[in-house]
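Next come the chains, spelled out residue by residue.
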Amino acid sequence: MTPGSEKTLVSYAQPNAAEHVTATKVASRSSYMTLGKSRLFVSGTFLSVLLVFVVLSVVYTGSSSNGLLCVDSKTHTTVQNNSVLHPEMRIRFRGTKRRLPQCIIIGVRKCGTRALLEFLNLHPQIQVAAQEIHFFDEEDNYDLGLEWYRKKMPFSFPNQITIEKSPSYFITDGVPEKIYHMNSSVKIIAIFRDPTTRAISDYAQILDHKRSKNKTYHTFEELAIDEESGLVNTKYKAIRISVYHRFLQRWFEVFDSKQIHIVDGDRLITDPLSEISNVENFLGLDHRVTENNIHFNESKGFYCMRNETQEKCLKSSKGRKHPSVSPDVLDKLQRFFQPHNQQLFEMIGQTFNWPAPRAMLQ
């Protein structure tokens, strides 16, 4: 009953029974309305408190990356999360914290490191750093210390594996030792593809950049083949990086071979599930990435990620069209890389189905 209605009922006399009944009804309605408003107020207050609790329990942050399925901090059951398809959607659950990576993808540039990271991010027990940190290969970053590096990692649960990737780690002197000093038991992933294709892809990326800046550029043939000798130009960085065994040797000198896993980059393009399954085995994880998470996009011509409602493909700069290269130059490159490839195969104990020089096919 509101104060106003109470005063009205008291000030009027009740001359007969009819008026008494009417007054009683008015009082009853007023009391009901007041009680209803009180309940609404209490309900609104409860919802406000609940909202504050939820906001405090689930904090949005710009530095975390969550998989397709996340684990509820209390029940440890999986809940749907779209941040795997949209990295800008960052959710931090209670019970998580930033941890130094237990696994690092070290390269190789233009072999599919980004695609590999995105596919692995589909796994509910994997958290990935959204950006390349370049902690171990850039001295200015390294001088900031491990605490700075740790704060660049996503939030994760104790049972999740944090993964970072920076492709230039593979070729930079001193990086294996620095990573070993951080964590001697860390797991290393390297991804290789046909070295000739990798060199052309490397060139294509730089070519696009120069064209966008209206800069002059050379053809791939002019850079890859020495004009005077007619031999492969080993001073060209795109060629040097593709001699994989020379760089990989440094990693085997620091880490046990059981800590290093090699991904077939060409197979990752045509059969990503098989390569992801191999990585799951290497990391000691259950097989949670399935055909339901990966879909071949006919219009784009490569595999994309998806959940029940959405699909995400790599940005247009990935899988860019390669320039046309002379068959003679391709053959010369393949003949150059062939003995280096053989040394790599012996080093890692596996072979890849890379194109052979024409002379070997005859």
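Criteria and cut-off values
Residues numbered from 1 in each chain as written. Predicted model: local features only at pLDDT ≥ 70, side-chain atom pairs only at ≥ 80, totals over all residues. Heavy atoms only, no water. Helix = DSSP H or I, 4+ residues; strand = E, 2+ residues; numbered from the N terminus. Buried < 20%, exposed > 50% of the residue type's maximum accessible area, 1.4 Å probe, protein only. Contact = heavy atoms within 4.5 Å. Areas by Shrake-Rupley, 256 points an atom, 1.4 Å probe, with all protein chains shown as cover. pLDDT = per-residue confidence, 0-100. Axes fitted to C-alpha atoms, helices over the stretch in contact; angles between N-to-C directions. Parallel < 35°, antiparallel > 145°, perpendicular 65-115°, else oblique. Nonpolar A, V, L, I, M, F, W, Y, C, P; charged D, E, K, R; others polar. Pairing = 2+ DSSP bridges. Disulfide = S-S within 2.5 Å. Core = buried A, V, L, I, M, F, W, Y, C linked by side-chain atoms within 4.5 Å.

## What to know about the overall build of the protein chain
Then, number 1: Check the secondary structure of the protein chain and you find 14 helices and twelve strands.
Then, number 2: Residues counted as buried form 42% of the 362 residues belonging to the protein chain.
Then, number 3: Long-range contacts, defined as pairs at least 24 residues apart, comprise 72% of the intrachain contacts of the protein chain with a sequence gap of at least 6.
Then, number 4: Total accessible area computed for the protein chain in this model is approximately 20,000 Å², and 54% of it derives from carbon and sulfur atoms.

## Focus: the confidence of the model for the protein chain
Detail in the predicted coordinates should be disregarded across regions flagged by low pLDDT.
Then, number 1: Taken as a whole, the protein chain shows an average pLDDT of 81; of its residues, 73% reach a score of 70 or greater.
Then, number 2: Contacts from residues 1–42, a stretch scored under 50 in pLDDT, to residues over four places away or in other chains number 14 contacts.

## Examining the packing of helix α3 (residues 113–120) against helix α12 (residues 272–283)
Geometry of a packed helix pair, given as the angle between the helix axes and the separation of the axes.
Then, number 1: The N-to-C vectors of α3 and α12 enclose an angle of 70 degrees; their axes lie 11 Å apart at closest approach. Accordingly, the angle class assigned to the pair α3 and α12 is roughly perpendicular. Across the interface between the two elements, Leu116, Phe119 and Leu120 from α3 touch Pro272, Ile276 and Val279 from α12.
Then, number 2: In terms of residue class, the contact of α3 with α12 is built from six nonpolar, no polar and no charged.

## Examining the sheet that holds strand β4 (residues 103–107)
Then, number 1: Taking strand neighbours across the sheet as the criterion, the five strands line up as β5-β7-β4-β8-β9 in an open arrangement whose pairing is parallel. Of all strands in the sheet, those with a lone pairing partner are β5 (126–128) and β9 (260–264), marking the two edges. Pairwise comparison of adjacent strand axes, ignoring direction, gives a mean angle of 25 degrees for this sheet.
Then, number 2: With four bridges connecting them, β4 and strand β8 (residues 187–192) associate as parallel partners. Its bridge partner lying in β8, cysteine 103 is registered against lysine 187.
Then, number 3: Docked against the sheet, α12 engages β4, β5, β7 (161–165), β8 and β9, running at close to 175 degrees with respect to β9.

## Description of the sheet that holds strand β10 (residues 294–297)
Then, number 1: Strand order in the open sheet formed by three strands is β10-β11-β12, and the pairing between neighbours is antiparallel. Edge positions in the sheet fall to β10 and β12 (311–312), since each of these pairs with one other strand and no more.
Then, number 2: With four bridges joining them, β10 and strand β11 (residues 302–306) adopt antiparallel strand pairing. Opposite asparagine 297, over in β11, you have phenylalanine 302 as the bridge partner.

## Quick notes on the state of the cysteines
Then, number 1: In this structure the tally under the stated criterion is one disulfide.
Then, number 2: The side chain of cysteine 304 participates in a disulfide bridge whose partner is cysteine 313; the two sulfur atoms lie 1.8 Å from each other. Its S-S torsion of about 100 degrees marks the bond between cysteine 304 and cysteine 313 as right-handed, since a negative value means left-handed.

## Let's talk about unusual backbone geometry
Then, number 1: The omega angle of the peptide bond from glycine 107 to valine 108 is 20 degrees, so this bond is cis rather than trans.
Then, number 2: Looking at the element boundaries, valine 108 is found in the loop between β4 and α3.
Then, number 3: Unusually for a residue other than glycine, lysine 110 sits at a positive phi of about 65 degrees.
Then, number 4: Its location among the elements puts lysine 110 in the loop between β4 and α3.
Then, number 5: In this structure lysine 110 comes out as buried when scored by relative accessible area, which is 16%.
Then, number 6: Although it is not a glycine, asparagine 214 sits at a positive phi angle of roughly 55 degrees.
Then, number 7: In this fold, asparagine 214 is placed in the loop between α7 (195–212) and α8 (220–224).

## What to know about the nonpolar core
One broad rule of soluble globular proteins: the nonpolar side chains tend to lie buried together.
Then, number 1: By size, the foremost hydrophobic cluster in this structure holds 57 residues, and its most contacted members are Ile104, Ile163, Tyr169, Ile179, Phe192 and Trp251.
Then, number 2: Counting 16 residues, the second-largest nonpolar core is a separate cluster that includes Ala224, Ile225, Ala238 and Val329.

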